[in-house]
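A look at the structure
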Amino acid sequence: MSLHPAQNAAYLDDVYVGSLTREIVRRGCRTLQVHLMAATEEGHVARLLEEFSPPFSSRVLDIGCGVGGVAAGMKALRPDLAFVLLNRSRAQLDLCPPGFETVEADFHEIPFPPASFDAAMLCYVIGNGELDQVLGEAARVLKVGGVALLYDFTVEGPARLLEAVGYMAHPIDDIREAATRAGLEIAIEQRPPTNTHAFRQLFDDSVIAAFDVV
C-alpha cells in the first residue's frame, strides 16, 4: 500500500490491520464504512447497489474490498454478479466470506490485463493511496463502457482527518479532475444524506470529531 507521507505507517503492518479489523467485525461492522445511507449496513449496501447498477452478469472488481462485506451484500441481492475481491491485506482477505475469488495485491498495480472487468467499485479506499494512480488502474482494467462506483467522503481541508486516522480524504474537485485524467466519465454524482451512528460506537470522541468535519 503506498501511503501519503503524512499517513499512518501502521497501515503497512498487516498484523495491526488484522487485529483492528477483527475487533471492528466483532462489534458488528462488515462494510468498514463510516457514512451509511440507511439505518443498517444491509440497507446501506442495497442503496449502493441501486446507485451502482452494474449490467446483468457483470464481473465486478472490488478494489480495496475490506472483508468483503459490501460484495457479499450485493451478491445476495444480485446473484448474477461475479465479484473478485482485491486487497493488499492478507488478514482482511482471510476474513472475507467463502465463495469469492480473492486477490492479494496492491491497488496501484492491479494484476489483471486491460479490459478485464465489466464493473469496478472503490469504497472508502482512495484515501489510502495515490489518487491518480488508483483511479488510473481502475480505469485500465475496465472494459469499454464499463461502470465504476466510487463511494467515499470528501473534505476541503484534510489535515484534521489525516492526523486522526491517517486517511487522506480529497476535495471533490481533486477527485473529479483525477477521474477525468484517468479517462473515467462521471455520469452521476450524488451527495446522499448519511449517518455515522454505527461508526460512533467503534471509536473515541477525537476520531468522531474529525469525521464530523467532512
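See the structure above.
So, a few notes on the structure that sits alongside this text. These figures come from a predicted structure and were not determined experimentally. (Residues numbered from 1 in each chain as written. Predicted model: local features only at pLDDT ≥ 70, side-chain atom pairs only at ≥ 80, totals over all residues. Heavy atoms only, no water.)

1. Observations regarding the side chain of Gln33
Take Gln33: it is sitting in the loop between helix H1 (14-26) and helix H2 (41-52). Within the structure, the side chain of Gln33 is placed 2.7 Å from the side chain of His44, a separation counted as a polar contact. Residues within four places of Gln33 in sequence aside, it is in contact with His44, Leu48, Val70, Cys123, Tyr124 and Tyr151. (Helix = DSSP H or I, 4+ residues; strand = E, 2+ residues; numbered from the N terminus. Polar contact = N/O pair within 3.5 Å; in protein donor to acceptor, adjacent residues only side chain to side chain. Contact = heavy atoms within 4.5 Å.)

2. As for the nonpolar core
Ranked by internal contacts, the top residues of the largest apolar core, which has 52 residues, are Leu61, Met74, Phe83, Met121 and Ile126. Counting only elements with at least two residues in this core, the list comes to H2, strand E1 (59-63), helix H3 (69-77), strand E2 (82-87), strand E4 (117-123), helix H5 (131-141), strand E5 (142-151) and helix H7 (172-182). Apart from the residues lying within four places of it in its own chain, the contact partners of Leu61 are Val84, Leu86, Ile110, Phe112, Phe117, Ala119, Ala120, Met121 and Val141. (Core = buried A, V, L, I, M, F, W, Y, C linked by side-chain atoms within 4.5 Å. Buried < 20%, exposed > 50% of the residue type's maximum accessible area, 1.4 Å probe, protein only.)

3. Observations regarding the layout of surface pockets
The computed volume of the largest pocket comes to approximately 1,200 Å³. Surrounding the largest pocket, 37 residues form its lining, Leu150, Tyr151, Ile188, Glu189 and Gln190 being those nearest its centre. Going through the elements one at a time, H2, H5, E5 and H7 are the ones with two or more residues in the lining of the largest pocket. No other element matches E5, which puts eight residues into the lining of the largest pocket. Class assignment of the residues belonging to the lining of the largest pocket gives a composition of 24 nonpolar, six polar and seven charged. (1 Å grid on protein atoms, 1.4 Å probe; cavity = no way out; pocket = protein on both sides within 12 Å on 5 of 7 lines; lining within 4 Å. Points joined across faces, edges and corners; volume = space filled by probe spheres on them. Nonpolar A, V, L, I, M, F, W, Y, C, P; charged D, E, K, R; others polar.)

4. A look at the sheet that holds E1
Pairing is parallel in the open sheet, where five strands are placed in the order E3-E2-E1-E4-E5. The strands lining the two open edges of the sheet, one partner per strand, are strand E3 (101-104) and E5. Neighbouring strand axes in the sheet, compared pairwise and without regard to direction, differ in orientation by 20° on average. Pairing geometry for E4 and E5, over six bridges, is parallel. The partner of Phe117 across the bridge, within E5, is Leu142. Set on the sheet, H3 makes contact with E1, E2, E4 and E5; between it and E2 the angle comes to about 175°. Its contacts with the sheet place H5 against E1, E4 and E5, and it is angled at close to 140° to E5. (Pairing = 2+ DSSP bridges. Axes fitted to C-alpha atoms, helices over the stretch in contact; angles between N-to-C directions.)

5. Re unusual backbone geometry
Backbone geometry places Ser53, a non-glycine residue, at a positive phi of 45°. You can see Ser53 is positioned in the loop between H2 and E1. Judged by relative accessible area, which is 47%, Ser53 ranks as partly exposed. The phi torsion at Ser57 lies on the positive side, around 65°, for a residue other than glycine. Its location among the elements puts Ser57 in the loop between H2 and E1. For Ser57, a relative accessible area of 43% corresponds to the partly exposed category.

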